[in-house]
Amino acid sequence: AAVTLPALWIAAALALLVGFGHALIALIVRETRLFWHERWAAAWIVGCGAGAFAWFVLSPLYAWVAPIWLLTALMMGAVGFTGAGVGRAEALRYRWSSPFRRWWRSPSELSPTAIELALGALLVVQVVALLAAALRTPLGWDGLFNFEMKARLAFEHAPAGQLPSGYFTDGSRTWSHPHYPLLVPFTEFWLYSWIGRIDQSAVKIVFPMFFLSLIGIVAGAVRRFSDRRAGVISAIAL
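Residues numbered from 1 in each chain as written. Predicted model: local features only at pLDDT ≥ 70, side-chain atom pairs only at ≥ 80, totals over all residues. Heavy atoms only, no water.

Sorry, what's going on with the side chain of S193 here?
Among the structural elements, S193 can be located in helix α9 (residues 183-195). Not counting chain neighbours up to four residues away, the residues in contact with S193 comprise I68 and F155. (Helix = DSSP H or I, 4+ residues; strand = E, 2+ residues; numbered from the N terminus. Contact = heavy atoms within 4.5 Å.)

Spelled out as structure tokens, the structure:
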């Protein structure tokens, strides 16, 4: 249980970010048809970005309510609202019984060729290798002192969730780039909040997820100009 429970909390934290992103995309992108990998990639990026923005805006309230409760309520509310409104309309237009109408451009792409299946298998192997390498690689200078340090400061601050104002005025901390956007520090702080402690190994998962999101979006762009095979090849090349 000591091993599996943190993994479950990490999965829940990541799922909330992705679900939040899916809900916002459903509200914003009403007409543009997205490939499944574009939608999931954008959901991760938008969920983390919107979560970081909400984290910053709601920071004055952390003296009374912990950020994990505020942000979780916000994310679940967005998912529920989308599921009850926009999601219902989407389900009527693009039923799960025929998902290819939503995710693929033409019926000719429904049956992948043997070459595409082989390319897809190679891509899966690359993704697994990437995840394994990322989880075994140290965070490094930027990972520790430009990103993780801000997440740690917010997690250990009283009240939790607020970055100490002194950090932004301390000239001796300029090497840690206090002016950098808080997208990555928020994502790491979010994981820390869910597992209840600092865990530098756990936050390594966010970096391959950002990279995989980049691959998903680039592959989608290539696929729109060419075809599915070119999109998979571009993903393999990245």
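From this point, the narrative continues.
Looking at this structure, I do not really get the packing of aromatic side chains. What am I missing?
How two aromatic rings sit relative to each other is given by the distance of their centres and the angle of their planes. Under the criterion given, the structure shown has eleven aromatic pairs. Both rings, one in W9 and one in W194, keep their centres 5.8 Å apart while their planes meet at 45°; by these two values the pair is tilted. Note that W9 is positioned in helix α1 (residues 4-28) and W194 in helix α9, a separation of 185 residues in sequence. Looking at W9, the relative accessible area reads 37%, which means it is partly exposed. For W194, a relative accessible area of 18% gives the class buried. Between F155 and Y192, the aromatic rings sit 6.0 Å apart at their centres with planes inclined by 65°, giving edge-to-face as the arrangement. Taken together, the residues span a long stretch of sequence, with F155 in helix α7 (residues 140-156) and Y192 in helix α9 at a distance of 37 residues. Taking relative accessible area as the criterion, F155 reaches 22% and is therefore assigned partly exposed. In this structure Y192 comes out as buried when scored by relative accessible area, which is 0%. Among the aromatic residues, those joined into a ring-pair cluster are W9, W55, F186, F189, W190 and W194. (Phe/Tyr/Trp six-rings, centres within 6.5 Å; stacked < 30°, edge-to-face > 60°. Buried < 20%, exposed > 50% of the residue type's maximum accessible area, 1.4 Å probe, protein only.)

Mind showing me how you'd approach the confidence of the model for the protein here?
The predicted coordinates ought not to be read in detail in places where the model reports low pLDDT. Looking at the protein, the pLDDT average stands at 86 and 87% of residues meet or exceed 70. Residue range residues 94-108 is modelled with pLDDT below 50. Its contacts to residues more than four positions away, or to other chains, number 26 contacts. (pLDDT = per-residue confidence, 0-100.)

Is there a simple way to think about the pattern of salt bridges in this case?
If charged atoms from side chains of opposite charge come close, those side chains can pair. In this structure the tally under the stated criterion is five salt bridges. A salt bridge links R224 to E38, with the shortest nitrogen-to-oxygen separation between them at 2.7 Å. Of this pair, R224 sits in helix α10 (residues 206-225) while E38 sits in helix α2 (residues 36-57), and the two are 186 residues apart along the sequence. The class for R224 is partly exposed, based on a relative accessible area of 34%. Under the relative-accessibility criterion, E38 is labelled buried at 9%. Look at the salt bridges and you will find they share partners, linking E148, R152 and E156 into a network. (Salt bridge = Lys/Arg side-chain N within 4 Å of Asp/Glu carboxyl O.)

Can you walk me through the environment of V222 in this structure?
By the element assignment, V222 lies in helix α10. Relative accessible area serves as the criterion here: at 27%, V222 is assigned to the partly exposed category. In this structure, the C-alpha to C-alpha distance between V222 and V232, residues ten residues apart in sequence, is 8.9 Å. The residues touching V222, leaving out its near neighbours within four places in the chain, are D227, A230, G231 and S234.

Please clarify how the packing of α9 against α10 should be interpreted in this entry.
How two helices sit against one another is set out by the angle between their axes and by the gap between those axes. Direction vectors running N to C along α9 and α10 enclose 130°, while the axes themselves pass 11 Å from each other. One element, α9, and the other, α10, form an angle in the oblique class. With respect to the hand of their crossing, α9 and α10 are arranged in right-handed fashion. Where α9 abuts α10, its residues L183, V184, T187, E188 and L191 lie against V206, F207 and F210. (Axes fitted to C-alpha atoms, helices over the stretch in contact; angles between N-to-C directions. Parallel < 35°, antiparallel > 145°, perpendicular 65-115°, else oblique. Left-handed = near helix turned anticlockwise from the far one by under 90°.)

I would appreciate a short explanation of α9 in the present structure.
Counting along an α-helix, one turn takes 3.6 residues, and residues three or four places apart therefore face a common direction. Counted at 1.5 Å a residue, the expected span for α9 with its 13 residues is 18 Å, and the 19 Å between its end C-alpha atoms agrees. With twelve of 13 residues buried, α9 is to be regarded as a mostly interior element. Along α9, the residues classified as buried are V184, P185, F186, T187, E188, F189, W190, L191, Y192, S193, W194 and I195. Immediately downstream of α9, the backbone of G196 shows phi near 80°, a positive value. (Expected span 1.5 Å × (residues − 1).)

Where do I start with the nonpolar core in this structure?
One broad rule of soluble globular proteins: the nonpolar side chains tend to lie buried together. In this structure, W44, L71, M75, F186, W190 and L191 are the most contacted members of the largest nonpolar core, which totals 41 residues. Those elements giving two or more residues to this core turn out to be α1, α2, α3 (67-84), α7, α9 and α10. Sorting elements by how many residues they give to this core places α1 first, with ten residues. When neighbours within four sequence positions are excluded, W190 is seen to be in contact with A13, L16, L17, P67, I68, L71, T72 and M75. (Core = buried A, V, L, I, M, F, W, Y, C linked by side-chain atoms within 4.5 Å.)

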